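Listed below, chain by chain, are the residues.
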Amino acid sequence: MQCALYDADRCRSCPWITQPIRDQLFAKTADLQHLLAGFSVGEWGAPVTGPEAGFRNKAKMVVSGSVEKPLLGMLHRDGTPEDLCDCPLYPASFAPVFSALKPFIARAGLTPYNVARKRGELKYILLTESQLDGGMMLRFVLRSQTKLAQLYAALPWLQAQLPQLKVITANIQPVHMAIMEGEEEIFLTKQQALAERFNEVPLWIRPQSFFQTNPVVASELYATARSWVRQLPVNHMWDLFCGVGGFGLHCATPQMQLTGIEIAPEAIACAKQSAAELGLTNLHFQALDSTQFATRQEAVPELVLVNPPRRGIGKPLCDYLTQMAPPFIIYSSCNARSMAKDIHELPDYRIERVQLFDMFPHTAHYEVLTLLVRQ
């Protein structure tokens, strides 16, 4: 893939961009095989890929420059800004949004935050697009509520320019640290969630809830998990670290009992809304710590599906699963190294299936789905 920003040495966020996708996949597969070399693997699925460019449904842009000429992009390590509006990872639909936001920032008087001086108000612009209908969620990350009235007053102009903006919020992040968002979210629109749909399964995206950034590959990931689960004798499952419920909602049937656990209340609200739309009454989603929930239970279902953050599920949960011995575990991971470490802590399980999903082209990162069967 060609990228003018990379060629000009202005951005190195995609360090593998000069390599053909087939070479990238070969290297990622070799890495995964190396990490699982100590295990016997029953079946290696073919790697799943998506588009090389324009695949991201989300932009996280640092706002810098001046109120009259804002830059949307990132800061280099020395603090110099880089405008990334032309990044080829973003779909073409993002360009008109970026173009309208720059004059809007001036209209609303949203002074970009200056890290060195610790002055200014607007820190980040967070944009998410739905593949369902092209609707978008726009979040302004502000240092305080000082400019909130100005932002709200100028909003009708922006909405007239960009009717695709369905959800608009102001997030308040007062801390002088590289933290993307704060706890306080102020809705500036009546609509508070963005509708999405993967594989005919309704999903919802709310602020402060995790959602995959590569929808084409994520759809294949969920569909694969559903296919695996449908081949197992499972009537009851847990979906731990469930996010907005993507895995559980795909895998559940009207007869199956499912419990989804996620620590973020916003994500659980999305999952419950989706379950209601599907008419699935045996699905129960709760906002709890997944490890604490699981280790306090006196019995486990036939299947435990885990989709943890990069750190993995950790030894306490591994020890619990070893003791309680569910027949099946499905492990979805964005960090195969921590997954391999966790599997080492599950000595009574064999790897029945493994499949790599190229969720992050042009980088060394990838997603992996693994089916573990009790020996």
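Residues numbered from 1 in each chain as written. Predicted model: local features only at pLDDT ≥ 70, side-chain atom pairs only at ≥ 80, totals over all residues. Heavy atoms only, no water.

With respect to the nonpolar core
Next, step 1: If you look at the biggest cluster of nonpolar residues, it comprises 48 residues, and the most contacted ones within it are Met 237, Leu 283, Phe 285, Ile 330 and Leu 369.
Next, step 2: Considering each element in turn, this core owes the most residues, seven residues, to helix α5 (residues 215-230).
Next, step 3: Leave out the neighbours within four places in its chain, and Ile 330 touches Trp 228, Val 229, Leu 303, Val 304, Leu 305, Val 306, Leu 369, Thr 370 and Leu 371.
Next, step 4: Within the second largest apolar cluster, 46 residues are counted, among which are Cys 11, Leu 84, Leu 158 and Leu 162. (Core = buried A, V, L, I, M, F, W, Y, C linked by side-chain atoms within 4.5 Å. Buried < 20%, exposed > 50% of the residue type's maximum accessible area, 1.4 Å probe, protein only. Helix = DSSP H or I, 4+ residues; strand = E, 2+ residues; numbered from the N terminus. Contact = heavy atoms within 4.5 Å.)

Some details on the UniProt feature "active site" (unreviewed entry) in the chain
Next, step 1: According to UniProt, the "active site" (unreviewed entry) feature falls on Cys 334.
Next, step 2: Note that Cys 334 resides in the loop between β15 (328-333) and α10 (336-344).
Next, step 3: Other than its neighbours up to four places away in sequence, Cys 334 contacts Pro 309, Arg 310, Tyr 366 and Glu 367. (UniProt positions renumbered as here; feature names shortened; annotations may be inferred.)

Describing the packing of helix α3 (residues 95-108) against helix α4 (residues 148-161)
Next, step 1: For the pair α3 and α4, interaxial distance at closest approach is 9 Å and the crossing angle is 150°. Considered as vectors, α3 and α4 are oriented roughly antiparallel to each other. Note that α3 runs across α4; the crossing there is right-handed. Contacts between α3 and α4 involve Ala 100, Leu 101, Pro 103, Phe 104, Arg 107 and Ala 108 from the first element and Gln 150, Leu 151, Ala 154, Leu 155, Trp 157, Leu 158 and Gln 161 from the second.
Next, step 2: Broken down by class, the residue content of the contact of α3 with α4 amounts to ten nonpolar, two polar and one charged. (Axes fitted to C-alpha atoms, helices over the stretch in contact; angles between N-to-C directions. Parallel < 35°, antiparallel > 145°, perpendicular 65-115°, else oblique. Left-handed = near helix turned anticlockwise from the far one by under 90°. Nonpolar A, V, L, I, M, F, W, Y, C, P; charged D, E, K, R; others polar.)

Brief notes about the UniProt feature "binding site: [4Fe-4S] cluster" (unreviewed entry) in the chain
Next, step 1: Annotation from UniProt places "binding site: [4Fe-4S] cluster" (unreviewed entry) at Cys 3, Cys 11, Cys 14 and Cys 87. Considering the C-alpha atoms alone, the annotated residues occupy 85 residues of sequence yet fold into one spot, their largest mutual distance being 10.5 Å.
Next, step 2: One can find Cys 14 in the loop between α1 (4-7) and α2 (21-35).
Next, step 3: Cys 14 sits in the buried class, given a relative accessible area of 11%.
Next, step 4: Once residues lying within four places of it in the same chain are set aside, the contact partners of Cys 14 are Tyr 6, Leu 89, His 362 and Thr 363.
Next, step 5: Turning to its location among the elements, Cys 87 is positioned in the loop between β4 (81-83) and α3.

Focus: the environment of Lys 60
Next, step 1: When you line up the elements, Lys 60 lands in strand β2 (residues 58-65).
Next, step 2: With near-sequence residues (within four places) excluded, Lys 60 lies in contact with Gly 73, Tyr 90, Ile 125, Leu 126 and Met 180.

Side note on the packing of aromatic side chains
Next, step 1: The full count for this structure, using the stated rule, is nine aromatic pairs.
Next, step 2: For the pair Tyr 90 and Phe 94, a centre-to-centre distance of 5.6 Å together with 25° between the ring planes defines the contact as stacked.
Next, step 3: On the numbers, 4.9 Å between centres and 90° between planes, the contact of Tyr 222 with Phe 247 is edge-to-face. Residue Tyr 222 is located in helix α5, and its partner Phe 247 is located in helix α6 (residues 246-251); the two are separated by 25 residues in the primary sequence.
Next, step 4: Since its relative accessible area comes to 7%, Tyr 222 is described here as buried.
Next, step 5: Among the aromatic residues, ring-to-ring pairing joins Phe 198, Phe 211, Tyr 222 and Phe 247 into one connected group.
Next, step 6: One residue, Arg 12, lies across the ring of Tyr 6, its end atom 3.7 Å from the ring centre.
Next, step 7: For the cation-ring pair, Lys 123 lies above Tyr 113, with the distance from its terminal atom to the ring centre recorded as 4.8 Å. (Phe/Tyr/Trp six-rings, centres within 6.5 Å; stacked < 30°, edge-to-face > 60°. Lys NZ or Arg CZ within 6 Å of the ring centre and 35° of its normal.)

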